[in-house]
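Here are the chains, one letter per residue:
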Protein chains: 4
Amino acid sequence: MGYNRPAGRHWLQIPGPTNVPDRILRAMDRPTIDHRGPEFQDLTRHILERIGAVFGTADPVVIYPSSGTGAWEAALVNTLSPGDHVLICETGHFSNLWAQLARGLGFEVEVLQGDWRRGADSVQLEARLSEDTDHAIKALCLVHNETSTGVTSDIGAAREVLDALGHPALLMVDAVSSLGCIEVRHDGWRVDVTVSGSQKGLMLPPGLGFNAISATARDANRQARQPRGYWDWQSILATNAQGMFPYTPATNLLFALDTALDMLNEEGLENVFARHRRHARATRAAVDAWGLALVARRPEEYSSAVTAVSMPEGFDADAFRAHVLERFDMSLGSGLAKLQGRVFRIGHLGDFNDLALMGTLAGVELGLAEFGIASKTSGISAAMQTLKQS
Amino acid sequence: MGYNRPAGRHWLQIPGPTNVPDRILRAMDRPTIDHRGPEFQDLTRHILERIGAVFGTADPVVIYPSSGTGAWEAALVNTLSPGDHVLICETGHFSNLWAQLARGLGFEVEVLQGDWRRGADSVQLEARLSEDTDHAIKALCLVHNETSTGVTSDIGAAREVLDALGHPALLMVDAVSSLGCIEVRHDGWRVDVTVSGSQKGLMLPPGLGFNAISATARDANRQARQPRGYWDWQSILATNAQGMFPYTPATNLLFALDTALDMLNEEGLENVFARHRRHARATRAAVDAWGLALVARRPEEYSSAVTAVSMPEGFDADAFRAHVLERFDMSLGSGLAKLQGRVFRIGHLGDFNDLALMGTLAGVELGLAEFGIASKTSGISAAMQTLKQS
Amino acid sequence: MGYNRPAGRHWLQIPGPTNVPDRILRAMDRPTIDHRGPEFQDLTRHILERIGAVFGTADPVVIYPSSGTGAWEAALVNTLSPGDHVLICETGHFSNLWAQLARGLGFEVEVLQGDWRRGADSVQLEARLSEDTDHAIKALCLVHNETSTGVTSDIGAAREVLDALGHPALLMVDAVSSLGCIEVRHDGWRVDVTVSGSQKGLMLPPGLGFNAISATARDANRQARQPRGYWDWQSILATNAQGMFPYTPATNLLFALDTALDMLNEEGLENVFARHRRHARATRAAVDAWGLALVARRPEEYSSAVTAVSMPEGFDADAFRAHVLERFDMSLGSGLAKLQGRVFRIGHLGDFNDLALMGTLAGVELGLAEFGIASKTSGISAAMQTLKQS
Amino acid sequence: MGYNRPAGRHWLQIPGPTNVPDRILRAMDRPTIDHRGPEFQDLTRHILERIGAVFGTADPVVIYPSSGTGAWEAALVNTLSPGDHVLICETGHFSNLWAQLARGLGFEVEVLQGDWRRGADSVQLEARLSEDTDHAIKALCLVHNETSTGVTSDIGAAREVLDALGHPALLMVDAVSSLGCIEVRHDGWRVDVTVSGSQKGLMLPPGLGFNAISATARDANRQARQPRGYWDWQSILATNAQGMFPYTPATNLLFALDTALDMLNEEGLENVFARHRRHARATRAAVDAWGLALVARRPEEYSSAVTAVSMPEGFDADAFRAHVLERFDMSLGSGLAKLQGRVFRIGHLGDFNDLALMGTLAGVELGLAEFGIASKTSGISAAMQTLKQS
């Protein structure tokens, strides 16, 4: 094998954290300011008046110094009471982690099982909810883009099921890896709490969690008896109104967020989504050309942000990823939980362009060849063909 | 009045966030890396094996993507059960916020009232704990350095009270604004949970919270029934052992933390503490020369990190601070809660040196003169005298 | 002596390079771009259409990747022919270095001697030029702000002498340490070549040299037979017209320059000059209070950018500076050439504010005390008094 | 045509300035320091004791704040006298610019004409030098890697010609775009002055020029009568010995240079050269697959740093480059002088890796297709094949 040392940039092609643009890193590389002073108040307002658009909402969006996991917790503890019944559609590792978190918080969690290859099943959901005639189920939790499998769920369909049944469960959606990549329609789907994080389509380092909150959720909040402190919406909404936060916010990540919103607006959200679709299509063309299988089964559920690929029998995905890291200085996403060793994931989200995609796919193709996995045909040629046509 | 535009650097002399050193900002201004890859594992280990020294402990330290408020919550929910009785010594605004947070979490909170000018009173504490013969009090919470008043509490004395009575309450200490400024002796005082944050003596931007955890606290954790998810120590300790975190950590703030530990070690913690004492002495000399009064009453409780100063009758502290900000581009700390408008605070903590202190005090002195508050004598001359002698 | 480690920021109080603002450093911390592409052309034009205002001119300004010394050379080789007679007024070390450079280039250099405590003497100049009835003198070189002594020269007066005599010598002015600190009136004084550099009032790192060029100088250029290549104005002016340079320019320093022009414009040049005057006055008040002597003799020639101070007999200025560096992490300017060991210089130029000035003066005062030089009275109090009154 | 906005990083694939690594940008993003203080002296020494290795020399290397053009001038004016005869082998645009510069400086310049597709011709050189029996030719100037054509010259062969004839002409070599990419053997080839710049294989922004200087050249310098000031070696060598420079150096670019030397040493120069060879081979494989022609004729002269490609008849290279910039945010090098519009150049030098190369070639291939130039076969597949085999 030839030479390849880690010259040049590292290729961070996991499905998040994503490659943080220089402009955002440099925005973060500014002296921290007084979080109670006028400059900070302007910053807060400038963010809050623009952040909603990314969530497709006119509702307030609450920002936490936390990971996305914290934002999951926030959604639950702000709206529910001890022992409440929560229904979660299993779509993969992240739906299961959310369920596990909810159990730790003392809720009665029910999981609608899935095969990790499809999104939430409306039929299954309709069946289960229609049984719940006394409305014991207080919240329905869905992962919009299941990062572990590259499968999206149809949130609008879930909303239709709830509406058709007149079921009052709160609709909670994890948009951690869809926000800023795939359209999120908090208002359009009448989501009650949209949960997200900073390190995917928002192009920031990790460290911020988000809750977009419907009026229904705010009503629920006033009745909810789950103990809460840090995550409490009311104190945040009250101080946000004055351009402040109830505790010291993650100022430098807010500098970064402000710049990220500039960048998304400059490109235009529609263009951002189209770019992600384009790159996902090209990636799938490459996977197909290589003769490998997607984890995702249904075309209409393919993720624009991440593509999970099944390893051929007899090959270990983690050894493959280690090889690619060692040889091409590229990080790929691992198979998680029951997919460990059997799946690798290609992140093509965030601040990304055609040539970076081609470099990424070339790295996978070179890695496959060196790892002894014969490609059916050239993936990069197929990807290029797709880019040309789209 | 003469000319003064915001040329030069902003003076961030609030008691935190502190002036982040260039070296730390630049460490943070690096591309985010894969939080499941080998480089990240090395980073985690390099931090975890060194962070304990700053807390004066060989116990594990857990790091959250959160503010210090989140770390308060973590300390409580990891060790207590619903309805547990918590005793908090009132020392100022932050002890009260902790109490309020604990109430929101459903604990039975009792506050030993204070006058906001003294630290926790051992006599009062001994009296109260000795009444608690059935050990209903499960946790005693103290703020080591009360940021709102510039008053420290004697944690060692509190530990002696507990020991003398054989009282098993967990000792929880907020070291948010003392860590890295004033010696914290987690092991020496046998603290059970030391709570801290990133944006003070650690010289980082805000966004990380800390819990240093004694073996007793870890035992309590196994019995504690308070619902918890995000803050759960066990999942963090388990993944930390492999150089990872249970959820996406705030990678770039960890880059910064790693560099902060380098800097503290290069200077030497003893030197760091001595530097803070020196600057606090000089600041108090200036306050005395100006003829103004400290909020802190007892010399042995004076804070090395922040000096809270009472405004003379008839002057509004917030108007004064606004004037100093406008004229000298310096942010001073406000009086909080019941001290609002009556107190301003000078932060002299973090990455700071003699000349920066002199610039700070000159700004206060110029501001007082312009604001119409006659100084008894020259504060900066008094401060300089102190620096010369120490 | 007490403790003082290099915590906090270094104090770079030499008379240049000056403290580079974060905003400029961050502008420089951007990926280099194609110097023949459209983005670069926009950058060039954005700079060139604004840079003249800082020089007080509508004439073209040529930018070199060079130090200020290179810009001295450029002024000479573009306008003169081998063996031409050049007259230079000695004002200090930098006038002498310019003379030495001119000699190395083969010109016949005549120096009007000075005592390094006054600016160029119009009477002496008039006397000399009036003898030169056949106009053998082709260029008159003056240093606007002599950085080694803190003395300015009256360029307008020199122009008047030339005009009164009808002497056609080119007027060349070194504005390296005045530009962006003290008003430069290239057009108002009808200077033929104004020479400058990036690392003083422009607040950039060193690495750029400048020539502002009058129409007369451009005419002279067409006749000048001094060999030249790199410095040739014509190729630069020709390519600048297309937003480019004849060779690879120092792109990242141009990013920085573009931001520096933003900052100067935001503050307003008049305000910038007033700020420098204010700080120089306060510095001189401190020097006077300390009982030390200025190098500069005439108040009307005091520099707003730098103050050179004579050490008392028996004390070595370099040992003093080393002490201040060691103890307070502040760099002061050294005495140069014949002033070595006898003079130290306080730079108060560039991106600077009142509190930074006070910190600087406090450092000098503390250093003097520790070094065993008794101050007559408090310099910082005197400086503060000046700031209050102005 | 599909969507493609400038998301992601710009692709700077001109043959310099190259993509500056983050680590170098961040090194440059540090406050400027006192260029006469001890920290700076350490920096200078740390650079000077390591820079020679990159030039393959134990001779001193002089560093200028300048572009590479300035370093060309420095080589000439330090060693020659007015009217000296200089022989330059024409290899392309840059050899011609050097000749033009030398003429402007008043030397008698003779150009051995070339066809811009081959390196310096030893036979032609031998013929010309053997005629020069009275050694009128004082200097022979060669461009090691002709950036405009992607052709290298055999410097060792030129040295052998000089030796065989006993001709004493100084051997001067432009290594601007070879240094740090292709091995430079200043000592091995007994080059007298090796000229270089910062913005190619050294991975810095532009702004530094270099002269590596043999003992013979230093001897010549003592006799040379060409007027000189800024470029004078003696003052630089004398002050360098004390860790300083005769004028304010470009401090922040020196920070960057220090880091660049760290990086080159960490990778190992042999590995750096091998990496460049590998990428050049793969690029040529792509060009061949596309059915396009190289400018370079002889395989043994192919450049490892840049590949110049002839456009097919009927297509304008600049329009093609504009298209690639617009569509894929990639800057390619233009055809220079007589190659304008007929050639484009692919830079594959500096901080670069396999996947970045593949992205680059994909961008060219996509651009060709969109521009209507049919590829014979897939260039990226051919390049990948080459990478796999090497």
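Nothing here was measured: the structure is a model prediction, and the numbers come from that model.

Side note on the sheet that holds strand β13 (residues 330–334) of chain A
All names here are of chain A.
Step number 1: Taken in spatial order, the five strands of this open sheet run β1-β13-β14-β12-β11, and their pairing is mixed. This sheet does not close on itself; its edge strands, each paired only once, are β1 (11–13) and β11 (293–294).
Step number 2: Pairing between β1 and β13: three bridges, direction parallel. By the bridge assignment for β13, Trp-11 is matched with Met-330.

Looking at unusual backbone geometry
Outside of glycine, negative phi angles account for most residues, and trans bonds account for most peptide bonds.
Step number 1: Cis geometry marks the peptide bond from Gly-16 of chain C to Pro-17 of chain C; its omega dihedral reads 0°.
Step number 2: With respect to the helices and strands, Pro-17 of chain C occurs in the loop between β1 (11–13) and α1 (22–28).
Step number 3: Phi at Met-203 of chain A is positive, roughly 70°, even though this residue is not glycine.
Step number 4: Tracing the backbone shows Met-203 of chain A in the loop between β9 (193–197) and β10 (208–213).

What to know about the relation of the copies chain D and chain B
Step number 1: Placing chain D over chain B gives an RMSD of 0.0 Å and needs a rotation angle of 180°, together with 0.0 Å of translation along the axis. This pairing of chains is accounted for by a two-fold axis. Minimal C-alpha separation from the rotation axis in chain D is found for Arg-26 of chain D, amounting to 3.3 Å.
Step number 2: Both copies contact each other with a shared surface, as 100% of the interface residues of chain D are interface residues in chain B too.

Here's the deal with the relation of the copies chain D and chain C
Step number 1: Once chain D has been moved 0.0 Å along the axis and rotated by 180°, it coincides with chain C to within an RMSD of 0.0 Å.
Step number 2: A shared interface surface links the copies, since 98% of the contact residues of chain D are contact residues in chain C too.

Let's talk about the pairing of β13 of chain A
Residues and elements named next belong to chain A.
Step number 1: Counting buried positions along β13 gives five out of five residues, so the element sits mostly inside the fold.
Step number 2: In this structure, β13 lies alongside strand β14 (residues 343–347), joined through two bridges in antiparallel fashion. Considered in β14, the bridge of Ser-334 is made with Phe-344.

Examining the interface of chain D and chain C
Reports of interface size often rely on the accessible area that becomes lost once the parts have come together.
Step number 1: Listed as interface residues are 53 residues of chain D and, on the opposing side, 52 residues of chain C.
Step number 2: Taking both sides of the interface into account, the surface hidden between chain D and chain C amounts to around 3500 Å²; carbon and sulfur atoms contribute 63%.
Step number 3: For the chain D face of the interface with chain C, the top three residues by lost area are Asp-29, Thr-32 and Tyr-230 of chain D, together amounting to 15%.
Step number 4: Ionic pairing is found between Asp-29 of chain C and Arg-26 of chain D, a salt bridge with its closest N-O pair at 2.7 Å.
Step number 5: Counting across the chain D and chain C interface gives eight residue pairs in polar contact (both at pLDDT 80 or more).
Step number 6: Elements that contribute at least two residues to the side of chain D that touches chain C include exactly α1 (22–28), α3 (68–79), α4 (93–104), α9 (251–267) and β13 (330–334) of chain D.
Step number 7: Its residues assigned to classes, the side of chain D that touches chain C comprises 25 nonpolar, 19 polar and nine charged.

Conventions and cut-offs
- Residues numbered from 1 in each chain as written.
- Chains lettered and ligands numbered in written order.
- Predicted model: local features only at pLDDT ≥ 70, side-chain atom pairs only at ≥ 80, totals over all residues.
- Heavy atoms only, no water.
- Pairing = 2+ DSSP bridges.
- Helix = DSSP H or I, 4+ residues; strand = E, 2+ residues; numbered from the N terminus.
- Least-squares fit on C-alpha atoms with pLDDT ≥ 70 in both.
- Contact = heavy atoms within 4.5 Å.
- Buried < 20%, exposed > 50% of the residue type's maximum accessible area, 1.4 Å probe, protein only.
- Buried area = accessible area lost by both parts, 1.4 Å probe.
- Salt bridge = Lys/Arg side-chain N within 4 Å of Asp/Glu carboxyl O.
- Polar contact = N/O pair within 3.5 Å; in protein donor to acceptor, adjacent residues only side chain to side chain.
- Nonpolar A, V, L, I, M, F, W, Y, C, P; charged D, E, K, R; others polar.

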